[in-house]
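In case you want the letters, here they are:
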Amino acid sequence: MNIDGLAIRAEVAADLPAIRRVVVAAFGSDDEADLVERIRASDQYVPELALVALVDGELVGHVMISGATLVTDQGERRIVMLAPLAVTPAFQGQGIGAALTRAAVGRADEMGEPLVTVEGSPRYYGALGFEHSVRHGIEIELPEWAPAEAAQVILLDAYDAALQGRVVYPPAFDTGAH
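This one's a predicted model, so the numbers in the text were calculated from it and none came from an experiment.

## Concerning the pattern of salt bridges
- All told, the structure shown has seven salt bridges when counted by the stated rule.
- Between Arg 9 and Asp 15 there is a salt bridge, with its nearest N and O atoms 2.6 Å apart.
- The exposure class of Asp 15 is buried, given its relative accessible area of 8%.
- A salt bridge links Arg 135 to Glu 131; the nearest nitrogen and oxygen atoms lie 3.7 Å apart.
- Using a relative accessible area of 60% as the deciding quantity, one classes Arg 135 as exposed.
- When its relative accessible area of 27% is taken as the criterion, Glu 131 is described as partly exposed.
- Taken together, the salt bridges that share partners define one network made up of Arg 20, Asp 30, Asp 34 and Glu 37.

## Some points on the environment of Ala 98
- Position of Ala 98 among the secondary structure elements: in helix 3 (residues 96-110).
- Spatially, the C-alpha atoms of Ala 98 and Leu 128 are 7.0 Å apart, while their sequence positions differ by 30 residues.
- Excluding residues that lie within four positions of it along the chain, Ala 98 makes contacts with Tyr 124 and Leu 128.

## Let's talk about unusual backbone geometry
- At the junction of Ala 83 and Pro 84, the peptide bond is cis and its omega measures out at -15° in the coordinates.
- Of note, Pro 84 is situated in strand 4 (residues 75-87).
- Even without a glycine there, the phi angle at Asp 56 is positive, about 50°.
- Take Asp 56: it is sitting in the loop between strand 2 (50-55) and strand 3 (58-72).

## Considering helix 2 (residues 31-40)
- Among the residues of helix 2, Glu 32, Ala 33, Leu 35, Val 36, Ile 39 and Arg 40 are the ones counted as buried. The arc enclosing the buried residues of helix 2, seen along the axis, measures out at 155°, which places them on a common side.
- Residues of helix 2 that are buried make contact with helix 1 (16-27), strand 3 and strand 4.

## Some thoughts on the pairing of strand 9 (residues 165-168)
- As defined by bridge partners, strand 3 adjoins strand 9 across three bridges and the pair is classed as antiparallel. From the neighbouring strand, Thr 69 faces strand 9, where its bridge partner is Val 168.
- With two bridges connecting them, strand 7 (residues 138-139) and strand 9 associate as parallel partners. When the bridges of strand 9 are listed, Ile 138 appears paired with Gly 165.

## A word on the environment of Pro 84
- The exposure class of Pro 84 is buried, given its relative accessible area of 8%.
- Sequence spacing of Pro 84 and Pro 17 is 67 residues, and the spatial spacing of their C-alpha atoms is 16 Å.

## What to know about the nonpolar core
- Residues Leu 59, Ile 138, Val 167 and Phe 173 are the most contacted members of the largest nonpolar core, which totals 29 residues.
- Once residues lying within four places of it in the same chain are set aside, the contact partners of Val 167 are Ala 68, Thr 69, Leu 70, Ile 79, Thr 117, Ile 138, Glu 139 and Ile 140.

## Side note on the packing of helix 1 against helix 2
- Running from amino to carboxyl end, helix 1 crosses helix 2 at an angle of 140°, the nearest separation of the two axes being 8 Å. By the angle class used here, helix 1 and helix 2 are oblique. Facing helix 1, whose interface residues are Leu 16, Ile 19, Arg 20, Val 23, Val 24 and Phe 27, helix 2 presents Glu 32, Ala 33, Asp 34, Val 36, Glu 37 and Arg 40.
- Broken down by class, the residue content of the contact of helix 1 with helix 2 amounts to seven nonpolar, no polar and five charged.

Rules and cut-offs
Residues numbered from 1 in each chain as written. Predicted model: local features only at pLDDT ≥ 70, side-chain atom pairs only at ≥ 80, totals over all residues. Heavy atoms only, no water. Salt bridge = Lys/Arg side-chain N within 4 Å of Asp/Glu carboxyl O. Buried < 20%, exposed > 50% of the residue type's maximum accessible area, 1.4 Å probe, protein only. Helix = DSSP H or I, 4+ residues; strand = E, 2+ residues; numbered from the N terminus. Contact = heavy atoms within 4.5 Å. Arc of directions from axis to C-beta. Pairing = 2+ DSSP bridges. Core = buried A, V, L, I, M, F, W, Y, C linked by side-chain atoms within 4.5 Å. Axes fitted to C-alpha atoms, helices over the stretch in contact; angles between N-to-C directions. Parallel < 35°, antiparallel > 145°, perpendicular 65-115°, else oblique. Nonpolar A, V, L, I, M, F, W, Y, C, P; charged D, E, K, R; others polar.

In structure tokens:
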């Protein structure tokens, strides 16, 4: 989708107040904005995978892909996960979230990541190429209210089918919902 005036780039320090406003507006609470800040302060933060969307210079969206752990039969391996994705309500439904997700996943692929996990709407993320993670032997623990299909993964160029196990969220997720 082509949105007039849309630009996507990595977040910079000057964006942080606007990112917080966008995330709070998108989710209707401070919880996810606090999560973004905890991730950013952690060793799982990947600056190249924290992107913003601007429309005519106004910051209207944010996505973050950061580190997590996959516990396998052979031990632990670092992987990446997408969380959260936020678009200002007035700009939702225009393809900005999809553009942010595609850009972030594309960068993760270029960086040699084998996959990206997400916990979210199967319909929304499925349209972007994500699949139910259990099909690939990847288990993601979900909140009780979430459907099993909300555990999703997109396989990238460096994917190896032997990469199976249980996703463990980093400590930044401990005090908030994921």
